[in-house]
Amino acid sequence: MPQITVYSTDPCSFCSRAKELLQRRGYPYEEINLSKDPAGRAELVDKTGMFSFPQIVINGEVLGGFRELVQADMSGRLEELATAA
């Protein structure tokens, strides 16, 4: 199984939609909610280079946000990343 991490915050409709897409595809994920964690947000920027939410990391590779997740799903890349584990 792939190791998928979803970095999220509250409220965040794109975070909810990303988690729903992963659930529909049957991919388990770990959610790290950074809504009240300024240090965690700073670490996320260091790790991904981005400050927007959600940020999705699959098997250590930064995929990006919700838009990138949808594009990866539509192109088949999400399945490739998930099965590469």
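As a starting point, this report considers the structure included with it. (Residues numbered from 1 in each chain as written. Predicted model: local features only at pLDDT ≥ 70, side-chain atom pairs only at ≥ 80, totals over all residues. Heavy atoms only, no water.)

**What about unusual backbone geometry?**
Phase 1 of the analysis: With an omega of -15°, the peptide bond running from aspartate 10 to proline 11 counts as cis.
Phase 2 of the analysis: With respect to the secondary-structure elements, proline 11 resides in the loop between β1 (4-8) and α1 (13-25).
Phase 3 of the analysis: A cis amide bond links phenylalanine 53 with the next residue in sequence, proline 54, at an omega value of -5°.
Phase 4 of the analysis: Here proline 54 lies in the loop between α2 (38-48) and β3 (55-58).
Phase 5 of the analysis: A positive phi angle, near 50°, is found at asparagine 59, a position not held by glycine.
Phase 6 of the analysis: With respect to the helices and strands, asparagine 59 occurs in the loop between β3 and β4 (61-64).
Phase 7 of the analysis: The exposure class assigned to asparagine 59 is partly exposed, which follows from its relative accessible area of 34%. (Helix = DSSP H or I, 4+ residues; strand = E, 2+ residues; numbered from the N terminus. Buried < 20%, exposed > 50% of the residue type's maximum accessible area, 1.4 Å probe, protein only.)

**Some words on helix α3 (residues 66-75)**
Phase 1 of the analysis: Those residues of α3 not exposed but buried are Phe66, Leu69 and Ala72. On an axial view of α3, the arc spanned by its buried residues comes to 125°, and they lie on one face. Residues of α3 that are exposed and angled more than 90 degrees away from the buried face: Arg67, Met74 and Ser75.
Phase 2 of the analysis: Packed against the buried residues of α3 are α1, β3, β4 and α4 (77-83).
Phase 3 of the analysis: Phi turns positive, to about 95°, at glycine 76, one or two residues after α3. (Arc of directions from axis to C-beta. Contact = heavy atoms within 4.5 Å.)

**Remarks on the nonpolar core**
Across soluble globular proteins, nonpolar side chains show a tendency to be buried alongside one another.
Phase 1 of the analysis: Ranked by internal contacts, the top residues of the largest apolar core, which has 15 residues, are Ile4, Ile56, Ile58, Leu63, Leu69 and Leu78.
Phase 2 of the analysis: Mapped onto this core, the elements with two or more residues apiece are β1, α1, β3, α3 and α4.
Phase 3 of the analysis: Not counting the four nearest positions on each side in its chain, isoleucine 4 is found in contact with Leu22, Tyr27, Pro28, Tyr29, Glu30, Ile56, Val57 and Ile58.
Phase 4 of the analysis: Membership of the second largest hydrophobic core comes to seven residues, among which are Tyr7, Cys12, Cys15 and Val57. (Core = buried A, V, L, I, M, F, W, Y, C linked by side-chain atoms within 4.5 Å.)

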